[in-house]
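These are the residues of each chain, in order.
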Amino acid sequence: MPGSSTLEPLHADLGRWPTGRFGADVETPPASARASQGGLAKQKSRSRDWMETVFPCVRTNSADAHDFTNNKVSWADETPEVLLSDQILSVKGVDLLKSRCGMNRKAHHTDEFEYDDLILRRGQSFFLEIEFSRPFNPDMDTVQLELQIGPLPQVSKGTHVIIPLVGELEDNQWEAKIVQRDGTRVKLSVRSPATAVIGRYKFTVTTHSPGGDFKMEHDPKNDITFLFNPWCERDDVFMKDEELLKEYILNETGKIYYGTEKQITARTWNFGQFDAGILDACLFVLDRSRMPHSGRGNPVNLVRVISALVNSVDDRGVVVGCWSGDYSQGTAPTAWSGSVDILTKYHRSGGEPVAFGQCWVFSGVTTTVLRCLGIPARSVTNFSSAHDTDVSLTTDLHFDENMRPLTHLNQDSVWNYHVWNDCWMARPDLPPGLGGWQAVDATPQQTSQGIACCGPASVQAICNGLVYLNHDTRFIFAEVNSDKIYWQQRADGSFTQVFSEKAAIGKHISTKAAGSEERQDITDMYKYPEGSKEERIAVETACRYGSKPNIYSNQQAGDVSIEVSTDGAGLHVGGSASILIVVSNRSQSGCSAVLHGQIAVMYYTGVVKATIKRDTINVELMPGEIRTVQWVLAYSDYQDQLTDQAALMMTVAGRVSQTGQVLAAQHVFRLQTPKLQIQVPAGPRNTGAIPNSVIQHQITVKYKQCDTAINSDKRFL
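Values in this document were obtained by computation on a predicted structure and should not be read as measured data.

Visitor: Where do I start with the packing of aromatic side chains in this structure?
Guide: The description of an aromatic ring pair rests on the distance of the ring centres and on the angle between the ring planes. Overall, the coordinates contain 17 aromatic pairs when judged by the stated rule. Ring plane angle 85 degrees and centroid distance 5.4 Å describe the contact between tryptophan 174 and phenylalanine 226, whose orientation is recorded as edge-to-face. Highlighted residues: tryptophan 174 in the loop between β5 (160-164) and β6 (175-182) and phenylalanine 226 in strand β10 (residues 224-227), separated in sequence by 52 residues. Both residues of the pair, tryptophan 174 and phenylalanine 226, belong to the buried class. Judged by centre distance (6.4 Å) and plane angle (45 degrees), the rings of phenylalanine 383 and tyrosine 417 are tilted. Of this pair, phenylalanine 383 sits in strand β15 (residues 377-387) while tyrosine 417 sits in strand β17 (residues 413-425), and the two are 34 residues apart along the sequence.

Below, the structure is given as structure tokens:
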């Protein structure tokens, strides 16, 4: 019979069917039996309809609706349709929404880059769209985004990133969330951590479904570049002031100052950090450094590498320095007017150093690289800048018995001016309060740990003479605040100190003012006023860590100490803070000291915002006496200055009058925010509305325009 052997050949021809079983379980009856088996015919009709729906290739023709043998099946023209749940979820296309005028690059402040690629800043969400081969089913399908950077990406090193889909995004993690679905297309919101490695990542998508696994092939057009994010509070380079960000990240032109302290002149410099090719050149510089990709998320380490790679010493970096006056083998330093030609030439040549540069050229290129990578930076000029060669932290001039210069011994020098850079970042590797501006110098003057680099050194540490802190603080301190010491040779060949100049070094430290074309004098950031007690204490403190620790006549006795403390439990926003300064005299004689105290408001990252109170304390101690001095910080002193973490730092420094011993101490404390007690009246819950509540607090002052954010478990709403 025609119908009795129809399905077995088809089963053999088709191989494995997606679903269902045929042959013994479903058999086509003979044509003669169909007329007397009405119920069976209906059942077979339903089976036939189901089979024709699932497998259109076996659909019958009108001549014989039930004779399968007369139908010619064309496998080349038609393919069996399988259930969607059994299909592989493949990626048909990805839209990174990378247009310069699109939402991603506008929100990430990267729309000025003359690139068509997706350029983002870490620690901030972005959007992308994926077109799948079929609708995405969250119950059966798994989708992951993958990012890889470097020659050997590893998950443990943060260079191979697997981004899962989650229900809600959390801060400071690699995560993605579906925000829109339209047929086979989904839109994702993706978040990166504020500690992510910066650089260019390869982007792919992988899926897993009942039908199998799929991985999208890498397309260089889909590469994503991540930069530092000074707009993100969790990033170590966060800078709160929008006007400063416009200047130190977004401004592509600036001024670099030169001349003498009494004749200051400016040259305009084109930083061009957003020009075509500059981002590629900056990433190329990092690759030339052989800095591991896993370390490229740390701005402290990265800036140190940049300071080494901008000069050509040691590692064939970007610019060749030349001070001989012979520039016949290259371009004279004075001929450069910007960084773009230098960096693009270095990149196009495959890393051939560009000749020639001097300090302002090294600084201009460094500003370009740091701003391009997302680190706030500026060029800084120091007039009457010392070059200390023996880490004495003094500028030493030697003379013979007749006071004639001994040129061969005078290795220290004072430059008319020297240009370096400030860059902005937190310093979690240093004590609190030393974040903010950091000095970095790419001019190859001295080596640091065997490499021609310098910094980053905390400007606040430089100001206070804390030269034992990383990196190269003592060298930059000597540039701005060393004393000039005159040495005369004796008849026996030894030298004696005969004269000193205490206000000759570090004049009119200058940078371009933010938001204007004027010069800003920032000397007070690098040093206390010349001749002040604070400035002298800083100098003598620094010199104790130099190669001539006994350069000053006052010998330091160690019999007097100070300690600063507060009662943390009793410190609240809105109230006064009591600071205790304990001075101990362990000597057998009385003494007196003048202490200079100040309190500064800090961000939680350790960056000082402002000094809010200063005072001078006179202390007289009997032999063996311990005296406690109370210092009160009133609410009126800080009410308009606190940051969101309400952190403050107390600094006390002074000198024992009788011995000249320097006394110094710092204490960081935080004012506790008021505790709120919320009383919710009894009543129906789960209504979706917050009932009228009574809020009690411990605030003793009147607040205006306050917002209260309340988060609660759904069970209590």
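After that view of the structure, there is still more to cover.
Visitor: Please clarify how the pattern of salt bridges should be interpreted in this entry.
Guide: One pass over the full model with this rule turns up 26 salt bridges. Lysine 215 is the salt-bridge partner of glutamate 146, the closest N and O atoms lying 4.0 Å from each other. Pair noted here: glutamate 146 is in strand β4 (residues 142-148) and lysine 215 is in strand β9 (residues 212-215), with a separation of 69 residues, a long-range link. Residue class for glutamate 146 comes out buried when judged on its relative accessible area of 9%. Taking the relative accessible area as the measure of exposure, lysine 215 reaches 49% and is therefore partly exposed. A salt bridge links aspartate 422 to arginine 378, with the nearest nitrogen and oxygen atoms 3.1 Å apart. Of the two residues, aspartate 422 sits in strand β17 while arginine 378 sits in strand β15, which places them 44 residues apart along the sequence. Across the pair, exposure class does not vary: aspartate 422 and arginine 378 are buried alike. A cluster of three or more residues bridged by salt bridges with shared partners is formed by Asp95, Glu129, Glu131 and Arg185.

Visitor: Just checking my understanding: could you explain empty space enclosed by the protein for this structure?
Guide: For the structure shown, the criterion picks out 4 cavities of 30 Å³ or more. Considering only enclosed or pocket space, the largest cavity measures out at about 70 Å³ in volume. If you go around the largest cavity, the residues you meet are Glu247, Tyr248, Gly254, Lys255, Phe271, Arg371, Arg378, Ser379, Thr511 and Lys512. Only α5 (242-250), β11 (253-260), β15 and β22 (507-512) provide two or more residues apiece to the lining of the largest cavity. Of the residues in the lining of the largest cavity, the class split is 2 nonpolar, 3 polar and 5 charged.

Visitor: What is the right way to read the side chain of arginine 371 from this model?
Guide: Note on placement: arginine 371 falls in helix α9 (residues 359-373). Buried charge without a salt bridge: arginine 371, with glutamate 247 as the nearest opposite-charge side chain at an N-O distance of 4.6 Å. A distance of 3.0 Å separates a polar side-chain atom of arginine 371 from the backbone oxygen of alanine 377. The contact partners of arginine 371, leaving out residues within four places of it in the chain, are Glu247, Tyr248, Ile249, Asn251, Phe271, Gln273, Ala377 and Arg378.

Visitor: How should the pairing of strand β7 (residues 185-191) be read in this particular structure?
Guide: In the case of a regular strand, side chains alternate between the two sheet surfaces. Counting buried residues along β7, 6 of its 7 residues qualify, which places the element largely inside the surrounding structure. As judged from the 6 bridges shared by strand β3 (residues 126-132) and β7, these two strands associate in the antiparallel manner. Paired with phenylalanine 127 across the two strands is serine 189, which belongs to β7. A loop of 2 residues connects β6 with β7, the two strands running antiparallel in sequence, and glycine 183 in this loop sits at a positive phi of about 65 degrees.

Visitor: How do you make sense of the nonpolar core when you look at a structure like this?
Guide: For soluble globular proteins, the rule of thumb is that nonpolar side chains tend to be buried together. By size, the foremost hydrophobic cluster in this structure holds 56 residues, and its most contacted members are Leu302, Leu373 and Ile375. For this core, the secondary-structure elements that each account for two or more residues are β11, α6 (278-288), α7 (299-309), α8 (340-348), α9, β15 and β17. Looking at this core, the element that brings in the most residues is α9, giving 9 residues. With 31 residues, the next largest nonpolar core counts Val560, Val652, Val656 and Ala665 among its residues.

Criteria and cut-off values
- Residues numbered from 1 in each chain as written.
- Predicted model: local features only at pLDDT ≥ 70, side-chain atom pairs only at ≥ 80, totals over all residues.
- Heavy atoms only, no water.
- Phe/Tyr/Trp six-rings, centres within 6.5 Å; stacked < 30°, edge-to-face > 60°.
- Helix = DSSP H or I, 4+ residues; strand = E, 2+ residues; numbered from the N terminus.
- Buried < 20%, exposed > 50% of the residue type's maximum accessible area, 1.4 Å probe, protein only.
- Salt bridge = Lys/Arg side-chain N within 4 Å of Asp/Glu carboxyl O.
- 1 Å grid on protein atoms, 1.4 Å probe; cavity = no way out; pocket = protein on both sides within 12 Å on 5 of 7 lines; lining within 4 Å.
- Points joined across faces, edges and corners; volume = space filled by probe spheres on them.
- Nonpolar A, V, L, I, M, F, W, Y, C, P; charged D, E, K, R; others polar.
- Lys, Arg positive; Asp, Glu negative; His and termini not counted.
- Polar contact = N/O pair within 3.5 Å; in protein donor to acceptor, adjacent residues only side chain to side chain.
- Contact = heavy atoms within 4.5 Å.
- Pairing = 2+ DSSP bridges.
- Core = buried A, V, L, I, M, F, W, Y, C linked by side-chain atoms within 4.5 Å.

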